[in-house]
Amino acid sequence: MNLRRLWAVVLKELRQMRRDRVTLAMIVGIPVMQLILFGYAINFTLRNLDAGIADMANTTGSRALVMDILATGVVSPVATVNTPQELMDMLRTGRISIGITIPADFERRRSEGREAVQILVDGSDTAVQNAAQQLARMPLDSAVPSLRAPAASTPPETPIGIVSFYNPERRTAVNIVPGLIGVIMTMTMVLFTAVAIVRERERGNMELLIATPLTRSELMIGKVLPFVGIGFLQTTMILALGIWLFAVPVRGSLLDVYAAAGLLILANLTLGLLISTRAQSQFQAMQMTLFIFLPSILLSGFAFPYAGMPRIAQWIAEILPLTHFLRLIRGVMLRGAALHELWADVAALAVFITVMMSAAILRFHKRLD
Amino acid sequence: MSERAAIRARGLTRRFGTLVAVDRVDLDVPVRHVYGFLGPNGSGKSTTIRMLCGLLTPNAGEIDVLGLTIPAQADALRSRIGYMTQKFSLFEDLSVRENFEFMAAMHNVPRERARRRIDELIEQYRFANMHKQLAGTLSGGQKQRLALACAVIHEPELLFLDEPTSAVDPESRRDFWEKLFDLADTGTTLLVSTHLMDEAERCHRLAILDHGRLVADDTPAVLTGRLQGRTFIVDASDPRRAQRTLAQARGVLGVAQIGHHVRVLTEAADVHDMPGHIHAALAQAGQHAQVTPVPPNLEDVFVAVTRHAQAMEPTA
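Residue numbers here run from 1 along each chain, matching the order of that chain's written sequence. All chains are assigned letters beginning with A, and all ligands numbers beginning with 1, in the order in which they are written. Note on the predicted model: pLDDT of at least 70 is required for a residue's local features to be given, and 80 or more for side-chain atom pairs to be given and counted; whole-chain, interface and lining totals, by contrast, use all residues.

## Notes on helix α5 (residues 140-151) of chain B
All names here are of chain B.
Part 1 of the reasoning: Every helix listed is a DSSP run of H or I at least four residues long, and every strand listed is a run of E at least two residues long, numbered separately from the N terminus. To estimate the expected span of a helix, subtract one from its residue number and multiply by 1.5 Å. Look at α5: 17 Å from first C-alpha to last across 12 residues, which is about the 16 Å you get at 1.5 Å a residue.
Part 2 of the reasoning: Three exposure classes are used. Buried residues have 20 or more other C-beta atoms within 10 Å of their own C-beta, exposed residues have 12 or fewer, and partly exposed residues fall in between, all C-beta atoms being placed from the backbone. Turning to α5, its buried residues are Gln-144, Arg-145, Leu-146, Ala-147, Leu-148, Ala-149, Cys-150 and Ala-151.
Part 3 of the reasoning: Any pair of residues counts as being in contact when their C-beta atoms, constructed from backbone geometry, are within 7 Å of one another. For α5, the secondary structure elements touched by its buried residues are β6 (81-84), α3 (96-106), α4 (111-124), β7 (158-162) and α6 (170-185).

Written out as structure tokens, the structure is:
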């Protein structure tokens, strides 16, 4: 390993990057855009669902119940109608996602302990269904003291109490932002390195490089190092914005956050290198990146919980670096864990990096054939 | 040959699938020579050069370059050779000076010496007022000059140039060749591939490749000398028709229209009075012409050796 040559490759990469406006824009633009998109737009706890109300009883009790439902903030009324049929029509045309029907015999049903209110839900969206289920569990008694007639015979509302640690307000951003560091890194780092090498092959620079005494590892490591710096820059940007815009907590040590990020950066860069030894064109490199990116988003636990996945999906997830990073970063940032307490995932990432880097160097030949 | 060879290859062969790109080529390139590789596109010039630098592995054959066995000792060879690729392969988004600095580092030229050498090359190759310019914005001739300067930054003993001037105007080309002879003067051996006859003419020694085979290998003077008495200029009233007639005539290897004339290359002189023979062939077709012998050039050599190889093809 000749340090002069290694540094020359790094310097060349940095100079080229400085002159490449598109890449520069991607380095800064993708994290900011993604953070704002995911942080604000994607919200798994729903608010302000459009609702229609058909209160056919129109009694003091029913009006109080409606007021109480609205007070939760989950629904906001857009229409008040007279029959459930009208609600059904509005539901079908998409004007409302939830319909609240209070039958004319509301008071009698309530006194008999029968079903007193019906909530019609647009089941085509499971998130809305979940929200409706929350509504259905509302303690009606608090609104109307004698809502359910024989109060004594009513079982406790929630026989099992849930105590939520770490994110009691159930804010999605708290869960999303640490994961987002990983998603953005998976998206940009793999692509940057894959394209960086393939581009040199396409432009013919590679033939010049392999005819010089530059060694494989000097070239590979020199290519990767500048992007490690960029990865940390992106991590810092997402962290700062996450803390500033969404008040995301960093309960563990900041050093551990960066160490975990460093592991993911290296894992993705080495993966990008391996792709670059395979891809014939920049377009192919991008396609292969997508092939890694989609399973990462879907299976890593970023979008759907790992525990709910079938066994095969879990096995695939264990191979993906993002899965391990998510466990690390959520552990450190949200639960205040130390990195060494999460050693299994650290080890998994280390193995991944070693295997990928060795494979990339072995697969890269200083030959044209 | 009294001087030792810079390159020695025996039975060099390379196949791509079923295509034989280079077919049992033997080469001896003497030191301090400008050695030309002449051949049409696809004749195996680039493939041969790449094998000699150790960038491609031959399917068969032995290569010895600067006393090293290639491809086994290719790594040791890389610091002693310069390679100028056919396509401009320096970094277009780096400046002239940055490209120099990068290539100096690649070849591990000591820092202090690299600085002096870069200043020297910038002066010598006339980049003084554009050393901050991005390489991508240079003209074709300037790019070639930069590529050559970068290829010699570590003062290699042997320089490979793959069609270095194919995209350059004649003025820049002449200038470029002056630089090549300067390098040969200082002791560098140069292997230059080309498909341009005027460039081939300038080489000390020339190898002609056709369909992957070496069909001629000598000095340009010897190669053209062999065709003495076999080349003629025909002045006909209708050169187009004369060309068609002669193309069918017995003993004629090649006919090419040059302006108002027709240039004829004949087979080895088994007919004693060739001008008379051409005359007769044209008269038979009802054409009148004047036939004058002319000295042969490399294009004639090229036509002669490639025709000959094609004639051999079915039996080979």
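The structure having been displayed, the exposition proceeds.
## A closer look at the nonpolar core
Part 1 of the reasoning: The term nonpolar core refers to a set of buried Ala, Val, Leu, Ile, Met, Phe, Trp, Tyr and Cys residues connected through C-beta atoms within 7 Å. In terms of nonpolar packing, the biggest core is built from 165 residues, with Ala194(A), Leu52(B), Phe160(B) and Leu191(B) touching the most fellow members.
Part 2 of the reasoning: When residues in this core are grouped by element, the largest group, 18 residues, is from helix α8 (residues 172-203) of chain A.
Part 3 of the reasoning: Grouped together as the second largest cluster of nonpolar side chains are 22 residues, Leu49(A), Ala54(A), Ala57(A) and Ala116(A) included.

## Structural notes on the environment of Asp75(B)
Part 1 of the reasoning: For Asp75(B), the position within the fold is in helix α2 (residues 74-78).
Part 2 of the reasoning: Placed 42 residues apart in sequence, Asp75(B) and Arg117(B) show a C-alpha to C-alpha distance of 24 Å.

## Quick notes on the interface of chain A and chain B
Part 1 of the reasoning: Between chain A and chain B, the residue contacts involve 21 residues of the former and 21 residues of the latter.
Part 2 of the reasoning: Breaking the side of chain A that touches chain B down by element, the ones donating at least two residues are α1 (3-18) and α9 (205-210) of chain A.
Part 3 of the reasoning: Tallying contributions element by element places α1(A) first for the side of chain A that touches chain B, with 6 residues.
Part 4 of the reasoning: Each residue is assigned to one of three groups, with Ala, Val, Leu, Ile, Met, Phe, Trp, Tyr, Cys and Pro labelled nonpolar, Asp, Glu, Lys and Arg labelled charged, and all others, Gly among them, labelled polar. Of the residues in the side of chain A that touches chain B, the class split is 7 nonpolar, 5 polar and 9 charged.

## Comments concerning the packing of helix α10 (residues 216-246) of chain A against helix α11 (residues 254-278) of chain A
Residue and element names in this part refer to chain A.
Part 1 of the reasoning: Note on definitions: angles span 0 to 180 degrees between N-to-C directions of axes, and those axes are lines fitted to C-alpha atoms, for helices only across the stretch in contact. Two elements in contact, α10 and α11, have axes whose closest approach is 9 Å; the angle formed by their N-to-C orientations is 140°. It follows that α10 is oblique to α11 by the angle criterion. Between α10 and α11 lies a crossing whose hand is right-handed. Along its contact with α10, which presents Met-220, Val-224, Phe-227, Val-228, Gly-231, Phe-232 and Thr-235, the element α11 presents Tyr-258, Ala-261, Ile-265, Leu-266, Leu-269 and Leu-273.
Part 2 of the reasoning: Tallied by class, the residues present in the contact of α10 with α11 amount to 11 nonpolar, 2 polar and no charged. Angle categories: roughly parallel below 35 degrees, roughly antiparallel above 145, roughly perpendicular from 65 to 115, and oblique for all the rest. Throughout, a crossing is termed right-handed when the near helix is turned clockwise from the far one, and left-handed when it is turned anticlockwise from it by less than a right angle.

## A short note on unusual backbone geometry
Glycine aside, the phi torsion of most residues is negative, and most peptide linkages are trans.
Residues and elements named next belong to chain B.
Part 1 of the reasoning: The step from Ile-70 to Pro-71 runs through a cis peptide bond, and the omega angle for that step is 5°.
Part 2 of the reasoning: Along the polypeptide, Pro-71 turns up in the loop between β5 (68-70) and α2.
Part 3 of the reasoning: Although it is not a glycine, Arg-32 sits at a positive phi angle of roughly 60°.

## Regarding the sheet that holds strand β4 (residues 118-121) of chain A
Residue and element names in this part refer to chain A.
Part 1 of the reasoning: Read across the sheet, 4 strands follow the order β2-β1-β3-β4 without closing on themselves; strand pairing throughout is mixed. The sheet is open, and its two edges are formed by β2 (75-81) and β4, each paired on a single side. Recorded for the sheet is a direction-independent mean angle of 25° between the axes of neighbouring strands.
Part 2 of the reasoning: For two strands to count as paired, DSSP must find a minimum of two bridges between them. Sheet topology places strand β1 (residues 49-55) next to β2; 6 bridges connect them, and they run parallel. In the sheet register, Ile-53 faces β2, and the bridge partner there is Thr-80.
Part 3 of the reasoning: The strands that helix α3 (residues 60-71) touches are β1, β2 and β3 (98-102); relative to β3, the one it contacts most, it runs at about 160°.

## Here's the deal with the sheet that holds β5(B)
Backbone-to-backbone hydrogen bonds pair the strands of a sheet. The strands run either parallel or antiparallel.
Residues and elements named next belong to chain B.
Part 1 of the reasoning: Spatially, the 4 strands line up as an open sheet ordered β2-β1-β4-β5, and their pairing is antiparallel. For this open sheet the edge positions go to β2 (19-30) and β5, each flanked by a neighbour on one side alone. Across this sheet, the average inter-strand angle for adjacent strands is 20°, counted without regard to direction.
Part 2 of the reasoning: Sheet topology places strand β4 (residues 60-65) next to β5; 3 bridges connect them, and they run antiparallel. Each bridged residue has a counterpart across the sheet, and for Val-65 the counterpart in β5 is Leu-68.

## A short note on the confidence of the model for chain A
All names here are of chain A.
Part 1 of the reasoning: Looking at chain A, pLDDT values average 83 and 89% of them are 70 or higher.
Part 2 of the reasoning: Put simply, helix α7 (residues 140-143) is where chain A has its lowest mean pLDDT, 50, and α1 is where it has its highest, 93.
Part 3 of the reasoning: Confidence over residues 142-158 falls short of pLDDT 50; this stretch has 20 contacts with residues more than four positions distant or in other chains. pLDDT is defined as a per-residue confidence score from the predictor, taking values between 0 and 100.

## Description of the domain arrangement of chain A
Part 1 of the reasoning: In this document the domain limits rely on a domain assignment from an automatic tool or a database. For chain A, the assigned domains read domain 1 (3-42 + 173-363) and domain 2 (49-153).
Part 2 of the reasoning: Just the C-alpha atoms count here: the centres of domain 1 of chain A and domain 2 of chain A sit 48 Å apart.

## Considering the environment of Ser43(B)
Residues and elements named next belong to chain B.
Part 1 of the reasoning: Summarising the element assignment, Ser-43 is placed in the loop between β3 (34-38) and α1 (45-53).
Part 2 of the reasoning: For Ser-43, a count of 23 C-beta atoms within 10 Å corresponds to the buried category.
Part 3 of the reasoning: Between the C-alpha atom of Ser-43 and that of Ile-208, which follows or precedes it by 165 residues, the distance is 9.2 Å.
Part 4 of the reasoning: Discounting chain neighbours no more than four positions away, the residues touching Ser-43 are Leu-209, Asp-210, His-211 and Gly-212.

## Quick word on the domain arrangement of chain B
Part 1 of the reasoning: Looking at the assigned domains, one finds that chain B contains domain 1 (5-221) and domain 2 (229-294).
Part 2 of the reasoning: Relative placement of domain 1 of chain B and domain 2 of chain B: their C-alpha centres are 40 Å apart.

## Some details on the pairing of strand β1 (residues 5-16) of chain B
Residues and elements named next belong to chain B.
Part 1 of the reasoning: Here β1 runs beside β2; their pairing, made up of 8 bridges, is antiparallel. Looking at β2, one finds that Leu-12 is bridged to Val-25.
Part 2 of the reasoning: In this structure, the hairpin formed by β1 and β2 is closed by a connection of 2 residues, where Gly-17 is found at a positive phi of approximately 65°.
Part 3 of the reasoning: Sheet topology note: the β1/β4 ladder contains 5 bridges and is antiparallel. Bridge pairing links Arg-10 to Glu-62 in β4.

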